[in-house]
Each structure stands twice: as C-alpha cells, then as structure tokens.
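Given next are the chains, with one letter for each unit.
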Amino acid sequence: MRNLDPVPAGAATPPDAGIGRGWEGGVLLTATLLLLSFGLVTLYSASVVMAQRQGLPDWHYVVRQAGGALAGLGVLWVCARMPYRTWRLAAWPFVLVVAALLVVVILPFTTALAPEINGARRWLVLGGVTVQPSELAKLAIVVWTASFAVRRAERLNSLTRGLLPCLLVGALLVAPIVAEPNLSAACLVALLGGIVLFAAGGRIGHFVFLALLALPFLSAQFAVSFRTRRIATFLEPGSDPSGAGFQVHQSLVAIGSGGLTGAGFGEGRQKFGFLPEAHNDFIFAMVGEEWGLLGVVFLMTLYAVIVVVGVRVARSAPDEFGQLLALGLTGIVGLQALLHMAVGLGLAPVTGLALPLVSYGRSNQMVTLAAIGILMAVVRAADRMRAGAGGERA
C-alpha cells in the first residue's frame, strides 16, 4: 500500500452509525448539491430546443433529470449511512451481477430489453426504466479491486499472482463494454481499476508492460473508421471542421464566444442544431457559452473541491480498504469530469463521456451520487475513529 497517511496500527475503529461530524462530509454534500442545481439549470437551457423539435414540453428532459436526482439523493443517503466495509463483503456478488447485466446488453436475442440506439446497444429497458450497466461497472471495478488489493496485498508486486488474476476479473467488465461498442467507457473502467491497484502497491513496470501488450488490441479498435477520423482530427485540429471535427469545432466556438461572463442563461446559440449532444456529451461547451469563463471556473472549482476532499478522506480512512475505496470513488468523479472537459476544449479525442452531475443521463447521475455517498460513509467512520482515539487519550 502506498503511503496515504494510514491510521496508526491499533487505533480504535468504532462501528459506523449516524451522520459524520467532520467538515469533509458537509463540504462533499454542498459541492454535490451545487453541481446538481447548476447542472439542472444548464440542462434546461441546453435541451429546450431539442425537446421542442421532438414535440415535447420544454421542460421534458430537465424534469426527468430532476426525478433521477431525487432518487439519486436517496441512494446517496442510504450509502452514506451504510458501513463502507459492507461493500468489501459485497464485492464479488456486485461485480458478477454487473458483468451479467453487461452480457445481457450485447446478446443477440435480447434486443427487446436492450435496443440499438445510435448504432450501439448500451442500455437495458426494464419496466420503463432505462439502465446503463457500463455506469455500474465503474463502481463495481473500484469496489472489487479495492477488496482484491487488500486480500492480495503481499502479492501485488507479482505479475502472475497479483495483477493477472485482477485482469481476468476486470475483463469480465471491460470486454462486454467494448462489444457494445463503448471503448471510452471501457478505457475509463480499466483506468479506475489501475488507479486503485497502483495506489495499493502495484509496480509501475507491470502497468507499462501490460499497456504494451494492449497496444495491438487498441490499434485494432482505433482502426474502426469513425474512431480513426476522430483521432486524425484530434492530431490535426481543423483538418475536417465540417466532418469528424465538427463537434469539437462547434464546442470551441461555443466556449470562445462566451467570453468572461457568457451570453447569459438561455441565450446560447449552439444548441440550435450547431452543437450535437449539447445536453450530454458537450454540455461543458454550453456552460462556457452561456456562463463564460466565470461559469467554467465555478464548475471546475466544484470538481476540484470534490477531488481534494476525496483524497483527504482517503488519507484519513480507518483501514486500507477504506483508503483504496475512497481513492477509486474520487476517481469516478474527478477523472470523468477531467476527460469530459478535455474533449470540450479539444485536448482529447471525442469520447462521449458525461460530465458528472451536469450532463443528461440518470444512470451516470445515480452512480456518481452513490460514489459520493460511500465517500461520506468513509468520512463518518474516520470521524468516529478519531473521536474514539480522542476519548482513549483523555
């Protein structure tokens, strides 16, 4: 385990209960609520034109997202009150259930449950509720990898006895996601697992070796025509502004036109058919256009707060599982937000990753809120441990 400022051996770890007393939980909840509120306001503006063109009420998408937010806050509350060590016990069942859902999505005879949308099968429609199992895979890989790393701590420096078994289980999640196809989500799941393993003590040389082994597979995936065009336009910006580079070009136009204070709420023009997926994959560009640099800085500050507090929670967690779990959960929010904003700024190829708590998508919203809830459970456990240690010293 790399040095995350672990708790001294022998420190008391009272059982989890109640609401945490430290400031970290309050800051996490405040940043989360601000992101949710800001996201709903931005989503309304970004989706109103699309809703009108589909013959739907202006508020159609924002009301659906708000309903998901309320349900997600309920999930956050449950996760915050549940002892985080429960997730270690549930690691295997959780990862197997998510793997099964991912397989159901791609089976040829399940199109009634998993219809093809925009050339991909990524969603399960269960009783009128749409679920995206690849979102659950992010949480599953973090929970399972943290549990695995604690059990195999003394073997993580071994490629065959440490990392290889983890890779085999990770493939249960990654391979079906690639087959959907959703390469960006698959890479994100793999990165999250890698972050946890590296923090647990995995050797960087092994990660480099495995990355080299993965190059032929990645090359074959990037050889697919639409991915090749995306990579080409990323390497040569402006080479195809009306084709493969259209989305990024319009995103940069939106962000650049926002200036310091933006065009104002509802006054953005890119949502009028110029910027595809303005409510989802490129909602960051809408923030830049309507709220300007100040809005962008505000948004980035909220994500930075969650990341900084998440790392602090990892450093103060009562045990190694809590440390690794908190670090991976922080990555779910921070890494995805970073990649989404990088795409909007033309600093990364187009990936289709949502902006956590802001983009339209209730599965992503629910998983993000669950991750923050579990982080708050780790905060609560650390608070009670410190309180117990203080009582003993007294």
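So, how was this worked out
Residues numbered from 1 in each chain as written. Predicted model: local features only at pLDDT ≥ 70, side-chain atom pairs only at ≥ 80, totals over all residues. Heavy atoms only, no water. Patch = residues over 30% accessible without salt bridge, like charges linked within 9 Å, V, L, I, M, F, W, Y side chains within 5 Å. Areas by Shrake-Rupley, 256 points an atom, 1.4 Å probe, with all protein chains shown as cover. Salt bridge = Lys/Arg side-chain N within 4 Å of Asp/Glu carboxyl O. Helix = DSSP H or I, 4+ residues; strand = E, 2+ residues; numbered from the N terminus. Axes fitted to C-alpha atoms, helices over the stretch in contact; angles between N-to-C directions. Parallel < 35°, antiparallel > 145°, perpendicular 65-115°, else oblique. Left-handed = near helix turned anticlockwise from the far one by under 90°. Contact = heavy atoms within 4.5 Å. Nonpolar A, V, L, I, M, F, W, Y, C, P; charged D, E, K, R; others polar. Phe/Tyr/Trp six-rings, centres within 6.5 Å; stacked < 30°, edge-to-face > 60°. Buried < 20%, exposed > 50% of the residue type's maximum accessible area, 1.4 Å probe, protein only. Polar contact = N/O pair within 3.5 Å; in protein donor to acceptor, adjacent residues only side chain to side chain. pLDDT = per-residue confidence, 0-100. Expected span 1.5 Å × (residues − 1). Arc of directions from axis to C-beta.

### Here we look at a nonpolar patch on the surface
So, step 1. Taken together, the side chains of Val41, Tyr44, Trp59, Val63 and Phe265 define a hydrophobic patch exposed on the protein surface, amounting to about 450 Å² of accessible area.
So, step 2. Following the sequence through the fold, Tyr44 ends up in helix H1 (residues 23–53).

### Comments concerning the packing of helix H5 (residues 133–151) against helix H12 (residues 320–344)
So, step 1. For the pair H5 and H12, interaxial distance at closest approach is 9 Å and the crossing angle is 155°. By the angle between their axes, H5 is roughly antiparallel relative to H12. At the point where H5 passes H12, the crossing takes the right-handed sense. The segment H5 lies against H12, with Lys138, Leu139, Val142, Val143, Ala146, Ser147, Ala149 and Val150 engaging Glu320, Phe321, Leu324, Leu325, Gly328, Leu329, Ile332 and Gln336.
So, step 2. Here the contact of H5 with H12 is built from residues that sort into 11 nonpolar, three polar and two charged.

### With respect to the packing of aromatic side chains
So, step 1. Per the counting criterion, the structure on display carries 10 aromatic pairs.
So, step 2. When the ring of Tyr44 is compared with that of Phe265, the centres are 6.4 Å apart and the planes differ by 25°; the resulting orientation is stacked. Of this pair, Tyr44 sits in helix H1 while Phe265 sits in the loop between helix H10 (246–258) and helix H11 (283–316), placing them 221 residues apart in sequence.
So, step 3. Judged by its relative accessible area of 40%, Phe265 falls in the partly exposed class.
So, step 4. Seen from their ring centres, Tyr61 and Tyr360 are 5.2 Å apart, and the 90° between their planes marks the pair as edge-to-face. Of the two residues, Tyr61 sits in helix H2 (residues 60–81) while Tyr360 sits in the loop between H12 and helix H13 (362–393), which places them 299 residues apart along the sequence.

### Looking at the side chain of Ser251
So, step 1. With respect to the helices and strands, the residue Ser251 is situated in helix H10.
So, step 2. A distance of 2.7 Å separates a polar atom in the side chain of Ser251 from the backbone oxygen of Gly344.
So, step 3. Look past the residues within four positions of Ser251 in its chain and what remains in contact with it is Leu275, Phe282, Ala285 and Gly344.

### Remarks on the environment of Phe274
So, step 1. Following the sequence through the fold, Phe274 ends up in the loop between H10 and H11.
So, step 2. Considering only alpha carbons, one finds Phe274 and Phe246, 28 residues apart in sequence, at a separation of 8.9 Å.
So, step 3. Beyond its immediate stretch of four places on either side in the chain, Phe274 contacts Phe246, Gln250 and Arg269.

### Quick look at the packing of H5 against helix H6 (residues 159–179)
So, step 1. Across the interface, H5 lies against H6 with an axial gap of 10 Å and an inter-helix angle of 170°. On the basis of the axis angle, H5 is roughly antiparallel to H6. Across the interface between the two elements, Ser134, Ala137, Ala140, Ile141, Trp144, Thr145 and Phe148 of H5 pack against Gly162, Pro165, Cys166, Val169, Gly170, Leu173 and Ile177 of H6.
So, step 2. In terms of residue class, the contact of H5 with H6 is built from 10 nonpolar, four polar and no charged.

### Overview of the confidence of the model for the chain
So, step 1. Summary statistics for the chain give a mean pLDDT of 86 and a share of 86% for residues scoring 70 or more.
So, step 2. Considering only residues more than four positions removed or in separate chains, one finds that residues 5–20, a stretch of pLDDT under 50, has 32 contacts.

### Topic: the pattern of salt bridges
So, step 1. The final tally for this structure, using the stated rule, is four salt bridges.
So, step 2. Between Glu135 and Lys138 there is a salt bridge, and its shortest N-O distance comes to 2.7 Å. With a gap of three residues between them, Glu135 and Lys138 both fall in helix H5, about one helical turn apart.
So, step 3. The salt bridge partner of Glu290 is Lys271, with a shortest N-O separation of 3.2 Å. Taken as a pair, Glu290 in helix H11 and Lys271 in the loop between H10 and H11 lie far apart in primary sequence, 19 residues in all. With respect to burial, Glu290 and Lys271 carry one shared label: buried.

### With respect to H10
So, step 1. The terminal C-alpha atoms of H10 lie 19 Å apart, and with 13 residues this matches the ideal 18 Å at 1.5 Å per residue to within 8%.
So, step 2. Listed as buried for H10 are Gln247, Val248, Gln250, Ser251, Ala254, Ile255 and Gly258. One side of H10 carries all its buried residues, which in axial view fall inside an arc of 165°.
So, step 3. Of the residues trailing H10, Gly259 is marked for its positive phi of about 60°.

### Section: the environment of Asn157
So, step 1. With respect to the helices, strands and loops of the structure, Asn157 is situated in the loop between H5 and H6.
So, step 2. For Asn157, a relative accessible area of 45% gives the class partly exposed.
So, step 3. For Asn157 and Gly201, which are 44 residues apart along the polypeptide, the C-alpha to C-alpha distance reads 7.0 Å.

### Details of unusual backbone geometry
So, step 1. Here the residue pair Glu180 and Pro181 is connected by a cis peptide bond, since its omega of 0° sits within 30 degrees of zero.
So, step 2. Of note in the backbone geometry, Glu277 takes a positive phi value of approximately 55° without being a glycine.
So, step 3. Following the sequence through the fold, Glu277 ends up in the loop between H10 and H11.
So, step 4. Using a relative accessible area of 33% as the deciding quantity, one classes Glu277 as partly exposed.

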